[in-house]
Amino acid sequence: MERESFKSRIGFILVSAGCAIGIGNVWKYPWLVGQNGGGIFVLFYLLFLICMGIPVLTMELAVGRGSRKSAVKGYETLEPAGSKWHVHGWFCVAGNYLLMMYYTTVSGWMLSYFFKFTFGTFDGMAAEKVNGVFGGMLGNPEEMALCMALTVIGGFLVCSMGMQKGLEKVTKWMMLGLLALIVVLAVHSLLLPGAGEGARFYLLPSVERMKASGLGNVIMAAMNQSFFTLSLGIASMEIFGSYMSDEFTLTGEAVRIVALDTFVAFMAGLIIFPACFSFGVQPDAGPSLIFLTLPKVFINMEAGRLWGSLFFLFMTFASFSTVITVFENILAACMDNFGWSRTKSVWLNCAFVLVTSVPCVLGYNLWSDVRILGSRDVLDSEDFIVSNLLLPLGSLIYLLFCVTKWGWGFDKYLAECNKGTGIKMSRRFKPYFQFVLPLLILAILIQGLI
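Note that the coordinates shown come from a computational prediction; the quantities given were computed from them, not determined experimentally.

### A short note on the layout of surface pockets
Phase 1: Taken as a whole, the largest pocket spans an internal volume of roughly 1,100 Å³.
Phase 2: Along the wall of the largest pocket there are 42 residues; nearest its centre are Gly24, Lys28, Trp31, Asp383 and Ser387.
Phase 3: Residue composition of the lining of the largest pocket, by class: 26 nonpolar, 13 polar and three charged.

### Some remarks on the state of the cysteines
Phase 1: Overall, the coordinates contain zero disulfides when judged by the stated rule.
Phase 2: Of the cysteine sulfurs around Cys334, a residue in no disulfide, the closest is that of Cys159, at 12 Å.
Phase 3: Judged by relative accessible area, which is 4%, Cys334 ranks as buried.

### What about the pattern of salt bridges?
Phase 1: Following the criterion strictly, the structure yields 10 salt bridges and no others.
Phase 2: Across the pair Arg65 and Glu416 runs a salt bridge, and its minimum N-O distance is 2.7 Å. Of the two residues, Arg65 is situated in helix α3 (residues 39–67) and Glu416 in helix α19 (residues 410–417); the sequence distance between them amounts to 351 residues.
Phase 3: On the basis of relative accessible area, Glu416 is assigned to the buried category, the value being 7%.
Phase 4: Of the charged contacts in the structure, one is a salt bridge between Arg68 and Asp246, with a shortest N-O distance of 3.0 Å.

### Regarding the nonpolar core
Phase 1: In terms of nonpolar packing, the biggest core is built from 161 residues, with Trp27, Trp109, Phe311, Phe312, Phe314 and Tyr413 touching the most fellow members.
Phase 2: When residues of this core are assigned to their parent elements, the largest contribution, 17 residues, is made by helix α15 (residues 304–338).
Phase 3: Apart from the residues within four sequence positions on either side, Trp109 is in contact with Trp27, Phe134, Met137, Leu138, Met144, Phe291, Tyr364 and Leu379.

### A closer look at helix α20 (residues 430–449)
Phase 1: When the terminal C-alpha atoms of α20 are compared, their 28 Å separation across 20 residues agrees well with the 28 Å that a helix rising 1.5 Å per residue should span.
Phase 2: Among all positions in α20, only Phe433, Leu437, Pro438, Ile441, Ile444, Leu445 and Gly448 are buried.
Phase 3: Contacts made by the buried residues of α20 are with α3, α11 (215–228), α18 (378–403) and α19.

### A few points about a nonpolar patch on the surface
Phase 1: On the surface, a cluster of nonpolar side chains totalling about 430 Å² of accessible area is made up of Phe115, Phe119, Leu146 and Leu150.
Phase 2: Relative to the helices and strands, Leu146 is located in helix α7 (residues 141–160).
Phase 3: We classify Leu146 as exposed; its relative accessible area is 53%.

### Some details on unusual backbone geometry
Phase 1: One non-glycine residue with positive phi stands out, namely Ala235, at about 65°.
Phase 2: Position of Ala235 relative to the elements: it lies in the loop between α11 and α12 (238–241).
Phase 3: In the Ramachandran plot, Ala303 falls in the positive-phi region, its phi being about 60° despite a non-glycine side chain.
Phase 4: Inspection of the secondary structure assignment puts Ala303 in the loop between α14 (294–299) and α15.
Phase 5: Given the relative accessible area of 43%, Ala303 is considered partly exposed.

### Brief notes about the environment of Gly166
Phase 1: Summarising the element assignment, Gly166 is placed in helix α8 (residues 163–190).
Phase 2: Relative accessible area serves as the criterion here: at 0%, Gly166 is assigned to the buried category.
Phase 3: Note: C-alpha distance between Gly166 and Asn300 (134 residues apart in sequence) is 40 Å.
Phase 4: Beyond its immediate sequence surroundings of up to four residues, Gly166 is in contact with Val158, Met161 and Thr171.

### Here we look at the environment of Thr121
Phase 1: Within the element layout of this structure, Thr121 appears in the loop between α5 (87–118) and α6 (130–138).
Phase 2: Each C-alpha atom of the pair Thr121 and Arg305 lies 9.0 Å from the other, and the pair is 184 residues apart in sequence.

### Topic: the packing of aromatic side chains
Given two aromatic rings, one states the distance between the centres and the angle between the planes to describe the pair.
Phase 1: Counted by the stated rule, this structure contains 36 aromatic pairs.
Phase 2: Relative to Phe312, the ring of Phe117 has its centre 5.6 Å away and its plane inclined at 15°; by these criteria the two rings are stacked. Highlighted residues: Phe117 in helix α5 and Phe312 in helix α15, separated in sequence by 195 residues.
Phase 3: Overall, the relative accessible area of 3% leaves Phe117 in the buried class.
Phase 4: On the basis of relative accessible area, Phe312 is assigned to the buried category, the value being 0%.
Phase 5: Pairing Phe291 with Phe312 gives two aromatic rings, centres 6.2 Å apart and planes at 25°, and the pair type is stacked. Taken together, the residues Phe291 in the loop between α13 (250–278) and α14 and Phe312 in helix α15 connect sequence positions 21 residues apart. Residue Phe291 shares its accessibility class with Phe312, and that shared class is buried.
Phase 6: Connected via pairs of aromatic rings, a cluster forms that spans Trp109, Tyr113, Phe117, Phe122, Phe134, Phe291, Phe298, Phe311, Phe312, Phe314 and Tyr364.
Phase 7: Positioned over the ring face of Phe384 is Arg376, at 4.0 Å from the centre of the ring.

### A few points about the packing of α5 against α6
Phase 1: Contact geometry of α5 with α6 gives a least axis separation of 12 Å together with a crossing angle of 130°. Judged by the inter-axis angle, α5 sits oblique to α6. Handedness of the crossing formed by α5 with α6: right-handed. Contact with α5, carried on its side by Trp109, Ser112, Tyr113 and Lys116, involves Val133, Phe134, Met137 and Leu138 of α6 and no other residues of that element.
Phase 2: Residues belonging to the contact of α5 with α6 are distributed by class as follows: six nonpolar, one polar and one charged.

What counts, and at which threshold
- Residues numbered from 1 in each chain as written.
- Predicted model: local features only at pLDDT ≥ 70, side-chain atom pairs only at ≥ 80, totals over all residues.
- Heavy atoms only, no water.
- 1 Å grid on protein atoms, 1.4 Å probe; cavity = no way out; pocket = protein on both sides within 12 Å on 5 of 7 lines; lining within 4 Å.
- Points joined across faces, edges and corners; volume = space filled by probe spheres on them.
- Nonpolar A, V, L, I, M, F, W, Y, C, P; charged D, E, K, R; others polar.
- Disulfide = S-S within 2.5 Å.
- Buried < 20%, exposed > 50% of the residue type's maximum accessible area, 1.4 Å probe, protein only.
- Salt bridge = Lys/Arg side-chain N within 4 Å of Asp/Glu carboxyl O.
- Helix = DSSP H or I, 4+ residues; strand = E, 2+ residues; numbered from the N terminus.
- Core = buried A, V, L, I, M, F, W, Y, C linked by side-chain atoms within 4.5 Å.
- Contact = heavy atoms within 4.5 Å.
- Expected span 1.5 Å × (residues − 1).
- Patch = residues over 30% accessible without salt bridge, like charges linked within 9 Å, V, L, I, M, F, W, Y side chains within 5 Å.
- Areas by Shrake-Rupley, 256 points an atom, 1.4 Å probe, with all protein chains shown as cover.
- Phe/Tyr/Trp six-rings, centres within 6.5 Å; stacked < 30°, edge-to-face > 60°.
- Lys NZ or Arg CZ within 6 Å of the ring centre and 35° of its normal.
- Axes fitted to C-alpha atoms, helices over the stretch in contact; angles between N-to-C directions.
- Parallel < 35°, antiparallel > 145°, perpendicular 65-115°, else oblique.
- Left-handed = near helix turned anticlockwise from the far one by under 90°.

Here it is, written out as structure tokens:
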């Protein structure tokens, strides 16, 4: 079977960025900025994106383009005879399934809140009752299951149409809509009364705030976020490398993907911080910022129902773009490894993901007493395994595979990376890739497990 490819370069960039752009950009990033001193965190975040994110992204893409296969077969094609690097490919496949077992539920939350704002649930609501809406949603397994199922079925429906006609076409329009929404929302927030104070908090580094947060905490938080935002380590990006052409260098394409991913995160901050300061809401509310804090801002805002609806439509697009790109990775793994047709892969995986997502849905209501890893509930346990173990460990394996003589090797990686026109990766980075970058990733892995 001839391997599908992207119809256009912009399609590749938007789909790959769509995989990276998700809840981490528009939910986690803003509250990390709020908790870690504002502008100083943003500076370190950008630094680590350049030092860590771009290099590892080129390595995942190189394995994909060099092999024209998904994770397991990709390793098998490129690894030295008799080696076992391809075992990691199966962990990548498992990681994608595990990610979707909880990410579809959180994506469903975004969809639910879009409907709530659109149909006037928050109209005229007192601020003290806003928190109860989120609690009521979590306590309602039928509502959570419905929104999760809409996300799963919708995602596989898109993927069933094929890579070009389904994933690429839908993601292109959805990403363009997302970018338009985020610009409109950011401009609106910046024009609110008192928004300037929020913009200064976000954009201007402050030594005082850095001291209050602790420099070490700020650096580690920025390193973690810059690394995790690209979803590296479980072949989420590798699969799109297998579909791309040889026309452009991987470094240049990686820079474009990272720039688009960073733009969305940056603009999310321009939406949230001016609005919070304009209405006297604390910007360091943590994970509750999106569902508990921002609705209080919207209900006090003129045309708040409209702006709340647009914001959660933007959030839905951001999360759904990740869902469909990870689904494509899962489907490609089944087609490559088991020889299934796309149709068979869609039907079986849709049923499997629907069933395996149920524990996360029930983890906040009927199974709220269930604890899996220590004191963690179902969602937090699944997220811990993916985010703290599979992503950093997988990225370390991709890195070692590409830069050591026991794997694919630096020379072959560099040749694949520099194939085509665009920004070239310099050979002078080899010592950094072999000795420094592994230690940085190892620090993230250890810090996440302790």
